[in-house]
Amino acid sequence: MSFTFLHFTFLLFYFFSTFASRMKQVRPKKNLGQHFLTDLSIAKRIADTVDACPDLPVLEVGPGMGVLTQYLAEKPRPLRVVEIDAESVEYLYEHFPRLHDHIIGEDFLRMDLRTLFDGQQFVLTGNYPYDISSQIFFKMLDNRDLIPCCTGMIQREVALRMAAPPGNKQYGILSVLIQAWYNVEYLFTVEPGVFNPPPKVQSAVIRMTRNEVMNLGCDEQLFKRVVKTTFGQRRKMLRVSLRQLLPNDQISILNSQFATRRPEQLSISEFVELTNLVSAVLNS
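Source: prediction; values computed, not measured.

Draft legend 1. Region of interest: the overall build of the protein chain. Along the backbone of the protein chain there are 11 helices and nine strands. Counting all 284 residues of the protein chain, 48% fall into the buried class. Taking the contacts inside the protein chain whose residues are at least 6 apart along the sequence as the reference set, 68% of them involve residues at least 24 apart.

What follows is the structure in structure tokens.
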């Protein structure tokens, strides 16, 4: 009788320990900026944003425990996920066995994106870590020929800056550099309560699709310098902020069109024109 009871106790212990191990959750890590989405309806809405670019493979950045991955995996297109957190990678291997060969345990910012899908274009998506979201989008810009569509969730403040038009107080460096190459859509806001742990800020889901610009019509590196220099002193008129790039006796080239304006008042095409003016002086 005692043997039967001990045997039963052992089986019960084995069952619960196995169940607990399968139910093990990944610990959110502050140093990685992890805030795991817990609302499945929002996860599905984010996953469906990639449908704007059909027939292309998808790369998900920072899948965590796969709340977004499960809906992306249902779509009839190749999917790969890249995750820097070893604990999350282990979880993904266990819970998404059919993605086993497509789970990449690396740092997205250090990856060569041209090796991912044999050099073909793909859609970039994810619940992006807030502290590196801008770096992710700058990498997207460097690989814009590979990424015709990018979607995902970021800090709301960053999303507003990315989508802001000229004249808006949110309009800045990120707005200009991204909108030069992509059309940006602010899709919807996400409240902190649907995350574990809840972030201290609101989140937002955005979508960027490549515009038709193949060439800016100016020196692209100088364009970036002009944008960063002028927004570095965004309250100053351009005739003041551009003294960091131009000799004082050459500021007069800015003429009445630019001299007394501030950077948030300039459209993308005007920044291109301004860059060409600066370039003419620097090369004279």
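The discussion continues.
Draft legend 2. Inspection of the environment of Leu 277 at higher detail. Among the structural elements, Leu 277 can be located in helix 11 (residues 268–282). Residues Leu 277 and Leu 254, 23 residues apart in the sequence, show an inter-C-alpha distance of 7.4 Å. Setting aside its immediate chain neighbours within four residues, Leu 277 contacts Ile 253 and Phe 258.

Draft legend 3. Layout of the packing of aromatic side chains. The tally for this structure, following the rule as stated, stands at four aromatic pairs. Centroid distance Tyr 171 to Phe 231: 6.1 Å. Interplanar angle 75°. Geometry classified as edge-to-face. You can see Tyr 171 sitting in the loop between helix 6 (156–163) and helix 7 (173–179) and its partner Phe 231 sitting in helix 8 (residues 220–231), a full 60 residues away along the chain. Taken together, Tyr 171, Phe 231 and Phe 271 form an aromatic cluster joined through their ring pairs.

Draft legend 4. Spotlight on the nonpolar core. Counting residues in hydrophobic clusters, the biggest one holds 58 residues, and the most contacted among them are Leu 124, Phe 137, Met 162, Met 208 and Phe 223. The leading source of residues in this core is helix 11, at six residues. In terms of nonpolar packing, the next biggest core, distinct from the first, is built from 30 residues, Leu 72, Phe 96, Cys 149 and Met 153 among them.

Draft legend 5. Spotlight on unusual backbone geometry. The residue after Asn 196, namely Pro 197, is reached through a cis peptide bond having omega -10°. Examined against the element boundaries, Pro 197 turns out to sit in the loop between strand 8 (195–196) and strand 9 (203–210). Its identity is not glycine, yet Asp 55 carries a phi of approximately 70°, on the positive side. Tracing the backbone through its elements, the reader meets Asp 55 in the loop between helix 2 (40–48) and strand 2 (58–61). Unusually for a residue other than glycine, Asp 118 sits at a positive phi of about 55°.

Calculation rules
Residues numbered from 1 in each chain as written. Predicted model: local features only at pLDDT ≥ 70, side-chain atom pairs only at ≥ 80, totals over all residues. Heavy atoms only, no water. Helix = DSSP H or I, 4+ residues; strand = E, 2+ residues; numbered from the N terminus. Buried < 20%, exposed > 50% of the residue type's maximum accessible area, 1.4 Å probe, protein only. Contact = heavy atoms within 4.5 Å. Phe/Tyr/Trp six-rings, centres within 6.5 Å; stacked < 30°, edge-to-face > 60°. Core = buried A, V, L, I, M, F, W, Y, C linked by side-chain atoms within 4.5 Å.

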